[in-house]
Amino acid sequence: MNKDDFFYPRGRYYGHVKPENLVFNANLQEFAQRISYICNLETGGKLSPEEAYEQIKVLWKQLKKTKKQLGIGESPFKNDDEDSNS
């Protein structure tokens, strides 16, 4: 097993396969992994609650920016079949 696979495991994606969904899923998994590290560091006394909060806030803003750039959820009622008929 590769050490990166061990330290940064990735779950399999089962959603609607589109490039933007795959990219967002990878970003979401990385976000979750980093949040877990921050929470563990704060619980262990290595980070103050304020530092943990600020780091999580920055990560959340990055994830929101990525979501917006990828256009995730912008037209939730649009059917992909409509794209191929246009």
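Preceding this section is the structure that the text describes.
From a predicted model like this one, the values you see are computed outputs, not experimental measurements. (Residues numbered from 1 in each chain as written. Predicted model: local features only at pLDDT ≥ 70, side-chain atom pairs only at ≥ 80, totals over all residues. Heavy atoms only, no water.)

## Digging into the nonpolar core
Link 1 in the chain: Counting 9 residues, the largest nonpolar core is built from Phe24, Phe31, Ile35, Ile38, Leu47, Ala52, Leu59, Leu63 and Ile72.
Link 2 in the chain: Residue assignment for this core shows that the elements contributing at least two residues are helix H2 (19–43) and helix H3 (49–70).
Link 3 in the chain: When residues of this core are assigned to their parent elements, the largest contribution, 4 residues, is made by H2.
Link 4 in the chain: Each residue touching alanine 52, except ones within four places of it in the same chain, is listed here: Ile38, Glu42 and Leu47. (Core = buried A, V, L, I, M, F, W, Y, C linked by side-chain atoms within 4.5 Å. Buried < 20%, exposed > 50% of the residue type's maximum accessible area, 1.4 Å probe, protein only. Helix = DSSP H or I, 4+ residues; strand = E, 2+ residues; numbered from the N terminus. Contact = heavy atoms within 4.5 Å.)

## With respect to H3
Link 1 in the chain: In a regular helix each residue adds 1.5 Å, so 22 residues correspond to 32 Å; H3 covers 31 Å between its end C-alpha atoms and thus fits that length.
Link 2 in the chain: Within H3 the residues assigned to the buried category are Ala52, Leu59, Leu63 and Thr66. On an axial view of H3, the arc spanned by its buried residues comes to 55°, and they lie on one face. In this structure, H3 carries Glu50, Tyr53, Lys61, Lys65, Lys68 and Gln69 as exposed residues pointing more than 90 degrees from its buried face.
Link 3 in the chain: Those residues of H3 hidden inside the fold are in contact with H2.
Link 4 in the chain: Among the residues trailing H3, glycine 71 stands out with phi positive, at a value near 75°. (Expected span 1.5 Å × (residues − 1). Arc of directions from axis to C-beta.)

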